[in-house]
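Fold and contact review
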Amino acid sequence: LIKHFPVHRLRRRLRGRAEVVHAVDDVTLTLRSGEVTALVGESGSGKSTIARLLAGLYPVTSGTIEIDGATARGTRGRHFREHVRRVQLVFQDPFGSLNPIHTIAYHLRRPLKVHGYPTTRAALVELLEQVNLTPAEQFLTKFPHELSGGQLQRIAIARALAAKPKVLLADEPVSMLDVSIRLGILNLLAGLVKSLDLAMLYITHDIASARYFASTTLVMYAGRVIEGGPSEELVQQPAHPYTRLLLESAPDPDRAGTGPDLLDAGEPPSLVDPPAGCRFHPRCPHAMDICRTEAPGTTELRPGHWTKCWLYSASTEPVPAR
Ligand code: SF4
Ligand code: MG
């Protein structure tokens, strides 16, 4: 049985220079148990903000997040504590997330205690075994500086699992790690998604890894999700000009990397003062007059594959995102 965790019309407001601006604007997506959904975009696109909103670390301006029937609207909702347990975050930097003066055992005991679970040695060993750090006993008495970056990221994953979450948010979980160990961590996460029936949001700037790792990919630009669909289809038949640019500049061996550099087309806009209309219009080779004034609605291209771009919505009625 697949459980659905819908996120509906999520917004986070920032005070813009001239008017109210949504740094995360109207993001609707569904995470599913046992599946990985990738959220792809450049740095500054709002990906990490979405993770923090979903984890309850930032207040939500509007919109809802439903996890197992509990709806969170912000950090003050009565379901907040329960929500925080169900949604766990793994950050990019495995070095920064652990306190150097405490042992690994201490770091694993804390989340178990916070969430009301037994903190026995057996419980700690089980967590270490789930992330393939064996023999587990050897790791319990170590300090963070005695572990490699990959081992520390496994500890960070084990700490997230200690809360027995339903949803795991992995924000660039391998981008600070040595290239040679990235695949091992991604495969560990993929295995946990299946064995623990987790719904996972995999946040990355690397669309090639999204294709490999996630069944569904969402592409984010300047605070909006502008295209989404089955990962393979999205890579083979990208619709939105930004998705195409992202793919052309990705170091994907299948594509020979002959496309223009993304930077040639300009910088991503500031979320404090984004362009009007389609936020991609200053960089878009296909921009039309309407793009400069009005934000495009959602157009479904094929079942489950949709985009927000006037190139596709001229002759179609906008349909709500899945
Ligand atoms: Fe380009 Fe217009 Fe489509 Fe935006 S809506 S991506 S500016 S064509
Ligand atoms: Mg980030």
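Residues numbered from 1 in each chain as written. Chains lettered and ligands numbered in written order. Predicted model: local features only at pLDDT ≥ 70, side-chain atom pairs only at ≥ 80, totals over all residues.

As a further point, take the overall build of the protein chain. Of regular secondary structure, the protein chain possesses 12 helices and 12 strands. Counting over 322 residues, the protein chain shows a buried share of 42%. Long-range contacts, defined here as pairs at least 24 residues apart, represent 61% of the contacts in the protein chain between residues at least 6 apart. (Helix = DSSP H or I, 4+ residues; strand = E, 2+ residues; numbered from the N terminus. Buried ≥ 20, exposed ≤ 12 C-beta atoms within 10 Å, placed from the backbone. Contact = placed C-beta atoms within 7 Å.)

So, on to the site of ligand 1. C278, H281, C284, C291 and C309 are the nearest of the 14 residues found near ligand 1. Grouping the constituent residues of the shell around ligand 1 by class yields 11 nonpolar, 3 polar and no charged. (Near = placed C-beta within 6 Å. Nonpolar A, V, L, I, M, F, W, Y, C, P; charged D, E, K, R; others polar.)

Contact pair helix α4 (residues 121-130) / helix α6 (residues 149-162): the axes reach a minimum separation of 9 Å and the direction vectors enclose 125°. In terms of axis orientation, α4 runs oblique to α6. At the point where α4 passes α6, the crossing takes the right-handed sense. Taken together, the residues of α6 that come into contact with α4 (itself represented by L127, L128 and Q130) are A158, L161 and A162. Broken down by class, the residue content of the contact of α4 with α6 amounts to 5 nonpolar, 1 polar and no charged. (Axes fitted to C-alpha atoms, helices over the stretch in contact; angles between N-to-C directions. Parallel < 35°, antiparallel > 145°, perpendicular 65-115°, else oblique. Left-handed = near helix turned anticlockwise from the far one by under 90°.)

The next subject is α4. Residues L124, L127 and L128 constitute the buried set of α4. All buried residues of α4 project into a common sector of 95° when viewed along the axis, lining one side. On its buried side, α4 packs onto α3 (104-114), α5 (136-140) and α6. Downstream of α4 by one or two residues, N132 has phi in the positive range, about 60°. (Arc of directions from axis to C-beta.)

Here we take up the pairing of strand β10 (residues 224-230). Successive side chains on a regular strand alternate, one facing one side of the sheet and the next facing the other. When you tally the buried positions in β10, you get 6 out of 7 residues, the bulk of the element. As judged from the 6 bridges shared by strand β9 (residues 216-221) and β10, these two strands associate in the antiparallel manner. From the neighbouring strand, V219 faces β10, where its bridge partner is E227. Connecting the antiparallel pair β9 and β10 is a turn made up of 2 residues, with A222 showing a positive phi of about 50°. As judged from the 2 bridges shared by β10 and strand β12 (residues 305-307), these two strands associate in the antiparallel manner. (Pairing = 2+ DSSP bridges.)

Another point: the packing of α3 against α6. Two quantities define a packed helix pair, namely the angle between the helix axes and the distance between the axes. Packing of α3 against α6 brings their axes to within 8 Å, and their N-to-C directions diverge by 25°. Classed by the angle they form, the pair α3 and α6 counts as roughly parallel. In terms of crossing hand, the pair formed by α3 and α6 is right-handed. Across the interface between the two elements, I104, H107, L108, P111 and L112 of α3 pack against I155, A158, R159 and A162 of α6. By residue class, the composition of the contact of α3 with α6 is 7 nonpolar, 1 polar and 1 charged.

Let's shift gears to the nonpolar core. Within the largest apolar cluster, 79 residues are counted, with the highest numbers of intra-cluster contacts made by L169, M200 and Y202. The residues touching M200, leaving out its near neighbours within four places in the chain, are V36, L168, A170, L189 and V193. (Core = buried A, V, L, I, M, F, W, Y, C linked by C-beta atoms within 7 Å.)

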